[in-house]
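# Reading the structure
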Amino acid sequence: MSAENLTHDLDHFRVSCKKLIESFPVDEVYGNFVRTVKNCIFSKSIPTPLKGPLRLAAVSKDVIEGILDLDVAVTQTNDFLHYASGGRLLPGSVPLAHRYGGHQFGYWAGQLGDGRAHSLGQFTNRKGETWELQLKGSGKTPYSRSGDGRAVIHSSVREFLCSEAMHFLGVPTSRAASLIVSEEAVLRDQFYNGNVKTERGAVVLRLAKSWFRIGSLEILAQSGELDLLRKLLNFVITEHFPSIGSDDPDKYLVFYSTVVNETAHLVARWMSVGFAHGVCNTDNFSLLSITIDYGPFGFMESYNPNFVPNTSDDEGRYSIGAQANVGLFNLDKLLEALSPLLTLKQQQGAKHILKGYVDIYQMRFHQLFKAKLGLVGMEEDDVYLIAFLLKMMEETHSDFTMTFRQLSEASTEQLHNRDFTQMWALEELSSHKLFSDWLSMYLLRLSSKQQNETDLDRQHRMKSVNPRYVLRNWMAESAIRKAEMNDFSEVEVLHHILSFPFVTQETAEEAGYAARSPLWAKRLKVSCSS
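I will try to describe carefully the structure that is included in this document. (Residues numbered from 1 in each chain as written. Predicted model: local features only at pLDDT ≥ 70, side-chain atom pairs only at ≥ 80, totals over all residues. Heavy atoms only, no water.)

## Let's talk about the overall build of the protein
Short version of the rule: Secondary structure elements are defined from DSSP: runs of H or I of at least 4 residues count as helices, runs of E of at least 2 residues count as strands, and each element is numbered from the N terminus. Radius of gyration here is computed from C-alpha atoms only, and the compact-globule reference equals 2.2 Å multiplied by the residue count raised to the power 0.38. For every residue, the accessible area (1.4 Å probe, protein chains only) is compared with the maximum for its type, and the residue is labelled buried under 20%, exposed over 50%, or partly exposed between those bounds. Each accessible area is a Shrake-Rupley result for a 1.4 Å probe, and residues are judged covered by the shown protein chains and nothing else. His is not counted, nor are the chain ends; Lys and Arg add positive charge and Asp and Glu add negative charge. For charged residues, the charge sits on one atom: NZ in Lys, CZ in Arg, CG in Asp, CD in Glu.
Along its length, the protein carries 19 helices and 12 strands. Against the 2.2 N^0.38 benchmark of 24 Å for 530 residues, the protein shows a C-alpha radius of gyration of 24 Å, consistent with a compact globule. The principal-axis extent of the C-alpha atoms belonging to the protein is close to 70 × 60 × 55 Å. The 530 residues of the protein split such that 57% are buried. In the structure as shown, the protein presents an accessible area of about 21900 Å², 52% of it carried by carbon and sulfur atoms. Treating the 55 positive side-chain charges of the protein as one cloud and the 62 negative ones as another, the clouds have centres 3 Å apart.

As structure tokens, this is what we get:
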């Protein structure tokens, strides 16, 4: 969008809470004190301003200009600091905290809700898209439970960077507009071991088309608030599933079928970039099948289906290899929430739909991994070829991201000659005793259906789906350590590099972002504490 079409003054930027407030009953009790809330979707809740001085630590120009129609120059103003941190309300804003529940680590946890997030309202941009703006880390709400309503620098840097990185990897996700840090002291026991540290408060301004999640429906079904359940479901369908007819007697079934399909696609997409969410509870699974709530996530380094990014996950329930099954569990809980509104015949239909989830997931998984290997068309042995490679990668501890990237960068001649100088990941993989067998199969498969394509075409195609850079934990940690000393330069560098993850960049190469991870990276831990 040209600069003259952008808004240069925040006083002219308006959001609206009208649709959300008029569509649902709002909590009749007012105030941010913790309580059990009934018979509503939202509670009105005013953000608690961060204690200054405030600093803008990061900003996404793509979001500010491309979604919010704002000139990025406004982010350098004092007004922006206050609007984007909860110190001042945007014109039209009636801040809301959302009531939801959820199954956490397999068990019903009761009322959860936005414990440190405030929805500021909806913004409709010049493209006609409606986005819901939300602050995270903006203070207590009725849903804060024992929390303080704050987020800290380390978790906020990770959320900002990963939201944007995932978008540029082509994974459906919420977005992050800005990150503001303060001098406000916040106490955190990061690994729940009694080692309480003083950290600094931070707020992320994040956006999604909707923040409704499976737990939004579950709390209403569990509480027996069926009229409200129907009202919320109708709202979600009307607003976000326009292809479903509002008078279709099977609309809830069609909705469920769509969510099953899209969730299978989302999890397959996570797997294709080696992303482990870390906390796949039903309250963190979006009804729109986008990635939300970035906490103890991790991008897998050595290929390992048992990779668990979250040190709080002792049993490995949310390991990367378990994500597809967890998706199935969460969709089953969604069906339980919908069941009171379905006829017996529709319930049977929904169960049949859910049985198809595994096939949808596997089909999408294989499509994505075939593209990662540059395979055109279909051959019977493709599934075996993929599984064979992944098994070798597991046994040689080969790096997930760089193995696929270097297969994209190697010419057919280099592959034939096994010339892997300066290709450290392929060198590691080639140590496997069966590598020659796999390579012969792979080269034969590449040549079988690609007669009209040059080797450069294949490399280009593969490089467009195999990133060279992902947000590895050590990269985020390095940027966080500097940010905690008020040096946000590495956050900015990472944000820029991860906006072009498929393009080799000199700055990234110099920083070692495509090299073997440093030894200290193995000692890193992340947890639910943020």
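Anyway, onward from the coordinates.
## Considering the pattern of salt bridges
If the charged atoms of two oppositely charged side chains come close together, the side chains can form a pair. What counts is decided by this rule: Think of a salt bridge as a Lys or Arg side-chain nitrogen and an Asp or Glu carboxyl oxygen that are within 4 Å of each other.
Scanning the model with the defined rule gives 30 salt bridges in all. Note that Arg230 is salt-bridged to Asp227, the shortest N-O span being 3.8 Å. Pair noted here: Arg230 and Asp227 are both in helix H6 (residues 226-240), with a separation of 3 residues, about one helical turn. For Asp227, a relative accessible area of 62% puts it in the exposed group. The structure contains a network of salt bridges with shared partners spanning Lys136, Glu159, Arg206, Arg213 and Asp293.

## Topic: the nonpolar core
Which entries qualify depends on this criterion: Definition of nonpolar core: a set of buried residues of the types Ala, Val, Leu, Ile, Met, Phe, Trp, Tyr and Cys, connected through side-chain atoms within 4.5 Å. A contact between two residues is defined here by any heavy atoms of the two lying within 4.5 Å.
Counting 128 residues, the largest nonpolar core has Phe255, Trp438 and Tyr442 as the members making the most contacts within it. When sequence neighbours within four positions are dropped, the list of residues in contact with Phe255 reads Leu233, Val236, Ile237, Phe241, Ile244, Leu287 and Leu338. The next biggest cluster of nonpolar side chains, apart from the first, holds 26 residues, and it includes Leu50, Tyr83, Leu90 and Val203.

## Here's the deal with the packing of aromatic side chains
Going by this rule: Stacked, tilted and edge-to-face pairs are distinguished by plane angle, under 30 degrees for stacked and over 60 for edge-to-face with tilted covering the rest, among Phe, Tyr and Trp rings (Trp via its six-membered ring) whose centres lie within 6.5 Å.
One pass over the full model with this rule turns up 26 aromatic pairs. Between Phe24 and Phe212, the ring centres sit 6.5 Å apart and the planes meet at 80°, which makes this aromatic pair edge-to-face. Of this pair, Phe24 sits in the loop between helix H1 (18-23) and strand E1 (42-44) while Phe212 sits in the loop between strand E10 (197-208) and helix H5 (214-222), placing them 188 residues apart in sequence. This pair shows no difference in class: Phe24 is buried, exactly as Phe212 is. Considering the side-chain rings of Phe105 and Tyr318, the 5.0 Å spacing of their centres and the 40° angle between planes classify their relative orientation as tilted. Placement of Phe105 in the loop between strand E4 (101-104) and strand E5 (107-111) and of Tyr318 in the loop between strand E12 (298-299) and helix H8 (323-338) is noted, with a sequence separation of 213 residues between them. A residue is classified by how much of its surface remains accessible, and Phe105, at 28% relative accessible area, is partly exposed.

## Quick look at helix H7 (residues 251-272)
Basically, it comes down to this: A helix is expected to reach a length of 1.5 Å times the quantity of its residues less one.
With 22 residues, H7 should cover 32 Å at 1.5 Å per step; its first-to-last C-alpha distance of 31 Å lies within 8% of that length. Positive phi shows up at Gly274, right after H7, with a value of about 70°.

## Structural notes on H5
Across the 9 residues of H5, 7 count as buried, placing the element largely inside the fold. Of the residues making up H5, those classed as buried are Ile214, Gly215, Ser216, Leu217, Glu218, Ile219 and Leu220. On its buried side, H5 packs onto strand E3 (96-98), E4, E5, H6 and H8. Following H5 by one or two positions, Gly224 has its phi on the positive side, about 75°.

## Quick look at the environment of Leu494
Tracing the backbone shows Leu494 in helix H18 (residues 489-498). Those residues within four positions of Leu494 in sequence are excluded, and the remaining contacts are Leu161, Leu471, Met475, Ala476, Ala479 and Tyr513.

## Considerations on the pairing of E4
We apply this condition: Strands qualify as paired when DSSP identifies two bridges or more between them.
Direction of pairing for E4 relative to E5: antiparallel, over a ladder of 3 bridges. Bridge pairing in E5 links Gln104 to Tyr107. The loop that links E4 with its antiparallel partner E5 comprises 2 residues; one of these, Phe105, has a positive phi angle of about 50°.

## So, a nonpolar patch on the surface
Heads up, the condition is: Nonpolar side chains (Val, Leu, Ile, Met, Phe, Trp, Tyr) within 5 Å and like charges within 9 Å form the patches, drawn only from residues with over 30% relative accessible area and no salt bridge.
On the surface, Tyr30, Ile46 and Leu89 cluster together to form a nonpolar patch covering roughly 290 Å² of accessible area. By secondary structure assignment, the location of Leu89 is in the loop between helix H3 (78-83) and E3. Relative accessible area serves as the criterion here: at 34%, Leu89 is assigned to the partly exposed category.

## Digging into unusual backbone geometry
Cis peptide bonds are those with omega within 30 degrees of zero, and the linkage from Gly52 to Pro53 qualifies with -5°. By the element assignment, Pro53 lies in the loop between E1 and strand E2 (55-59). In this structure, Asp293 takes a positive phi of about 60° despite not being glycine. Phi at His397 is positive, roughly 55°, even though this residue is not glycine. On the secondary structure map, His397 appears in the loop between helix H11 (382-396) and helix H12 (400-409). For His397, a relative accessible area of 54% gives the class exposed.

## Looking at the packing of helix H4 (residues 153-168) against helix H17 (residues 473-483)
For any two helices packed against each other, one specifies the crossing angle of their axes together with the interaxial distance. This is how it is decided: Lines fitted to C-alpha atoms define the axes here, with helix axes fitted over just the stretch in contact, and angles between the N-to-C directions of these axes take values from 0 to 180 degrees. Angle categories: roughly parallel below 35 degrees, roughly antiparallel above 145, roughly perpendicular from 65 to 115, and oblique for all the rest. Left-handed describes a crossing in which the near helix is turned anticlockwise from the far one by less than a right angle; the clockwise case is right-handed.
Two elements in contact, H4 and H17, have axes separated by 9 Å at closest approach and are oriented at 130°. Comparing their axes, H17 and H4 come out oblique. Between H4 and H17 lies a crossing of right-handed hand. Contacts between H4 and H17 involve Ile153, His154, Val157 and Arg158 from the former and Asn473, Ala476, Ile480 and Ala483 from the latter.

## Let's talk about the side chain of Asn125
Convention followed: Polar contact criterion, stated in full: a pair of N or O atoms within 3.5 Å, where within protein one must be able to donate a hydrogen and the other to accept it, and residues adjacent in sequence count only if both atoms are side-chain atoms.
Considering the arrangement of structural elements, one finds Asn125 in the loop between strand E6 (117-124) and strand E7 (130-136). A distance of 3.0 Å separates a polar atom in the side chain of Asn125 from the backbone oxygen of Ile67. Among residues more than four places away in sequence, those in contact with Asn125 are Gly66, Ile67, Asp69 and Trp131.

## Remarks on the environment of Val465
Within the secondary structure, Val465 is located in the loop between helix H16 (455-463) and H17. Since its relative accessible area comes to 32%, Val465 is described here as partly exposed. Separated by 296 residues in sequence, Val465 and Leu169 have C-alpha atoms that sit 8.2 Å apart. Those residues in contact with Val465 that sit more than four places away from it in its chain are Ala371, Lys372 and Phe502.

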